[in-house]
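Structure assessment
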Amino acid sequence: MIEFAQVTASYDDDLAVLHDVSFTINDGDFVAFVGTNGAGKSTTMRLINGLLKPSAGEVLIDKMPTTQLKTSELARKMGFLFQNPDRQICCNTVREELLFGFSVQGEVGQAELDRVDALIEQFGFNPDDEPYLLNRGTRQLLALASIIVMEPPVVILDEPTTGLDYRECEKVMGIVRQLNEGGTTVVMVCHDMEVVGDFAQRVIAMTAGQVVADGPTFEVLRNSEVLKAAHILPPQITEISLALNQNCAQLPLPIAQANTVDEMVCALVDVEKGGF
Amino acid sequence: MAKFLEYVPGNSILHRLNPSVKLVCAVLFAIACFVCSNLVFLLIMLALALTLALSSGFGRETAGLCKAVFAFSLILALVILLTTPNGVELIALPWGYIGTGSLLAACTVVVRLMAAAIPLFLVFYATKMTDITNSAVKQLHVPYKYAFTFTSTVHFIPVFMNDMSAIMEAQTARGVEFDTSNIIKKIRLMVPLCVPLLVSSVRKTNSAAIAAEVRGFNLRTRKSGYKDYPIGLLDGMALGVCVLIVVAAFVVSLMA
């Protein structure tokens, strides 16, 4: 469990970038942090894995304050996927890269080798490929694989789909969904509201270092005040449904509340059939 | 506090000086520090450099710089201390001794490096990179290609420092113990990080080179810059003072 209790944080004693932030993330949650650049999302991620310590308040990981834990210790509990995979990759082959986490924590046995082999097969990697010669999407996948191979209970993703094409994005997020379904807590920073709408169960919207909304994904993404405050555009279907709500007086409820293509199509078919 | 070698806007005397004059003065100041080995003279030079830094509002930046240069010069001082037996013997070593002369030489190295480095670094804190480049091209007649290469090199130092710290953070998040207090262990752990740093550096410089090329880098001549950098009375005085300092350094060193 991750708890933020009135957390304020700053870099190098300069102005605070996070002000009085409080929230709790339970085990197994899939939470997306949304907001403009500079809203404090990445800072929040750095606070979660202890790279940054709060200047006031407390960040608790399983009831333990991060001020008492080293980031390298926290690495056993949480995997962190950075925006730029090149900062994470440091080995000469894909296999070595996947084994790196185990070697750092001093536990490379047959079980770990098997885990790496299974993941190589799942991701479709060539184990002898040189990581730096892979394309951007595959490097991002490799960075993700090198984290999930350690099977951490929490995975933090800082803009995991940046620079990926649709196919690569689907692949990365599909794997993340599988992890979450298996019980892993997923905390994600994302600017792509389609991805947020499709995958996250809960959204925390931030602006100017403060939380402006925290709730189920579409509850937050349908709140026009929150959208305005956090300068975010909802997924297209939600946007259509919100626009219809605004312009049609007697809109059937399923259309008014549709958030996904499936929901919208079903609602429209029902309307066409005269169900409303 | 400004980042390492990052320009800080201001209106101090140092800010107002001509960029080329600042560069030449800093070089003359460094020459004077290396010409003379008199510790008192070097201490005066260090005091002058610190006064200049404080009067220009770079106290915190200079303190950080002094710390870094001090740490580096301590290594040199230690080597001198252990390998230059000179003066009255203070501590006997299996291969020689540490004497009063060795101690003086070690102190001289530390003070010299700090005094010589401060004005050079102040130039970058008080001048925009583009002004240094354009002024060097216009007034010192340095070919643009070389002036740009020089300023780009300096410009990339903080960029690479940021990269290195981001890479270290990423590796710490994977469980590498960079947050250990054991310096030896930390240095040993840093060696494999040269790979990602090298890769990101080569990628960045390659991108920068291509970007410059497609924007007509090779078409640029001395006349391409629109801004003029006139040399005024203040610049003349600064140059005069620095020339006098160099002469004084030669005189002191000849007298010794």
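Conventions used here
- Every chain is numbered independently, its residues counted from 1 as its sequence is written.
- Written order determines the labels here, with chains lettered from A and ligands numbered from 1.
- Whole-chain, interface and lining totals are the exception, using all residues; otherwise, since this is a predicted model, local features are given only for residues with pLDDT of at least 70 and side-chain atom pairs are given and counted only at 80 or more.
- Secondary structure elements are defined from DSSP: runs of H or I of at least 4 residues count as helices, runs of E of at least 2 residues count as strands, and each element is numbered from the N terminus.
- With the radius of gyration taken over C-alpha atoms, the globule rule is written as 2.2 Å times the number of residues to the power 0.38.
- Partly exposed residues are those whose C-beta has more than 12 but fewer than 20 other C-beta atoms within 10 Å; with 20 or more the residue is buried, with 12 or fewer it is exposed, and the C-beta atoms are placed from the backbone.
- Any two residues are considered in contact once their C-beta atoms, placed from the backbone, lie within 7 Å.
- What fixes the domain bounds is an automatic or database domain assignment.
- Nonpolar residues are Ala, Val, Leu, Ile, Met, Phe, Trp, Tyr, Cys and Pro. Charged residues are Asp, Glu, Lys and Arg, and all others, Gly as well, are polar.
- What a helix is expected to span follows from its residue count: subtract one and scale by 1.5 Å.
- Here, a nonpolar core means buried Ala, Val, Leu, Ile, Met, Phe, Trp, Tyr and Cys residues linked by C-beta atoms lying within 7 Å of one another.
- Between any two strands, at least two bridges found by DSSP are needed for them to pair.
- For helices, the fitted line uses only the C-alpha atoms of the stretch in contact; every axis is such a line through C-alpha atoms, and the angle between N-to-C directions lies from 0 to 180 degrees.
- Oblique is the label for any angle not under 35 degrees, not over 145, and not in the 65 to 115 range, which are roughly parallel, roughly antiparallel and roughly perpendicular in turn.
- Think of pLDDT as the predictor's per-residue confidence, scored from 0 to 100.

A closer look at the overall build of chain A
- Scanning chain A from N- to C-terminus turns up twelve helices and ten strands.
- Radius of gyration (C-alpha) of chain A: 20 Å, near the 19 Å computed for a compact globule of 276 residues.
- Here the C-alpha coordinates of chain A stretch approximately 65 × 45 × 30 Å along the principal axes.
- Looking at chain A residue by residue over its 276 residues, the buried ones come to 42%.
- By sequence separation, contacts in chain A at least 24 residues apart represent 59% of the contacts at least 6 residues apart.

Let's talk about the domain arrangement of chain B
Residue and element names in this part refer to chain B.
- Taken as a whole, chain B is organised into domain 1 (1–127 + 226–256) and domain 2 (128–224).
- On a C-alpha basis, the centroid separation for the pair domain 1 and domain 2 is 25 Å.
- Listed per partner, the contact involves 13 residues of domain 1 and 13 residues of domain 2.
- With three residues, helix 2 (residues 19–35) is the largest single contributor of residues to the side of domain 1 that touches domain 2.
- Broken down by class, the residue content of the side of domain 1 that touches domain 2 amounts to seven nonpolar, three polar and three charged.

Some points on helix 10 (residues 233–255) of chain B
- Its 23 residues place the ends of helix 10 of chain B 33 Å apart at the C-alpha level, agreeing with the 33 Å of an ideal helix rising 1.5 Å per residue.
- Looking at the buried residues of helix 10 of chain B, the elements they touch are helix 2 and helix 3 (39–55) of chain B.

Regarding the environment of A:N84
Residue and element names in this part refer to chain A.
- Position of N84 among the secondary structure elements: in the loop between strand 6 (78–81) and helix 3 (94–104).
- On the basis of neighbour count, N84 is assigned to the buried category, with 21 C-beta atoms found within 10 Å.
- A sequence separation of 78 residues divides N84 from T162, and the C-alpha atoms of the two residues are 8.7 Å apart.

Some remarks on the interface of chain B and chain A
- Each partner contributes residues to the interface: chain B has 19 residues there, and chain A has 20 residues.
- Looking at the side of chain B that touches chain A, the elements with two or more residues in it are helix 7 (144–173) and helix 9 (194–214) of chain B.
- Here the element with the most residues in the side of chain B that touches chain A is helix 7 of chain B; it accounts for seven residues.
- Residue composition of the side of chain B that touches chain A, grouped by class: eleven nonpolar, four polar and four charged.

Here we look at the environment of B:A71
- Within the secondary structure, B:A71 is located in helix 4 (residues 59–83).
- In the structure, B:A71 is positioned 39 residues away from B:V110 in sequence and 9.1 Å away in space, judged by C-alpha atoms.

Notes on the nonpolar core
- Ranked by size, the top nonpolar core spans 76 residues in total, and within it A:A32, A:V34, A:I156, A:V203 and A:A205 carry the most contacts.
- With seven residues, the single largest contributor to this core is helix 5 (residues 136–148) of chain A.
- Once you skip the residues sitting within four places of it in the chain, A:A205 turns out to touch A:V34, A:G35, A:V212, A:A213, A:V220, A:V226, A:A230 and A:I232.
- Of all hydrophobic cores here, the second largest spans 50 residues; its members include B:C33, B:A106, B:V111 and B:M114.

Quick notes on the environment of A:L268
- Among the secondary structure elements, A:L268 is positioned in helix 12 (residues 261–272).
- Measuring from C-alpha to C-alpha, the distance between A:L268 and A:A258 comes to 10.0 Å, with ten residues separating the pair along the chain.

Thoughts on the pairing of strand 4 (residues 56–61) of chain A
Residue and element names in this part refer to chain A.
- Alignment of strand 1 (residues 2–10) against strand 4, held across five bridges, turns out to be antiparallel. Paired with A5 across the strands is E58, a residue of strand 4.
- Judged from the two bridges that link them, strand 4 and strand 5 (residues 64–65) form a sheet pairing that is antiparallel. Residue pairing for strand 5: L60 is matched across the bridge by P65.

Quick word on the packing of helix 2 of chain B against helix 6 (residues 129–139) of chain B
Residues and elements named next belong to chain B.
- The contact between helix 2 and helix 6 brings their axes to 8 Å, and the two run at 90°. Classified by the interaxial angle, the pair formed by helix 2 and helix 6 is roughly perpendicular. Across from P19, S20 and L23 in helix 2, the residues of helix 6 making contact are D131, I132, S135, A136 and Q139.
- Split into classes, the residues belonging to the contact of helix 2 with helix 6 amount to four nonpolar, three polar and one charged.

A word on unusual backbone geometry
Residues and elements named next belong to chain A.
- Despite not being glycine, D20 has its phi angle at roughly 50°, a positive value.
- Among the secondary structure elements, D20 is positioned in strand 2 (residues 16–25).
- A positive phi angle is found at E151, which is not glycine, with a value near 50°.
- Mapping E151 onto the fold places it in the loop between helix 5 and strand 7 (154–158).
- Overall, E151 belongs to the exposed group, with 12 C-beta atoms counted inside 10 Å.

Remarks on the confidence of the model for chain B
- With 99% of its residues at a pLDDT of 70 or more, chain B has an overall mean of 87.
- Note on the complex model: pTM 0.75, ipTM 0.77.

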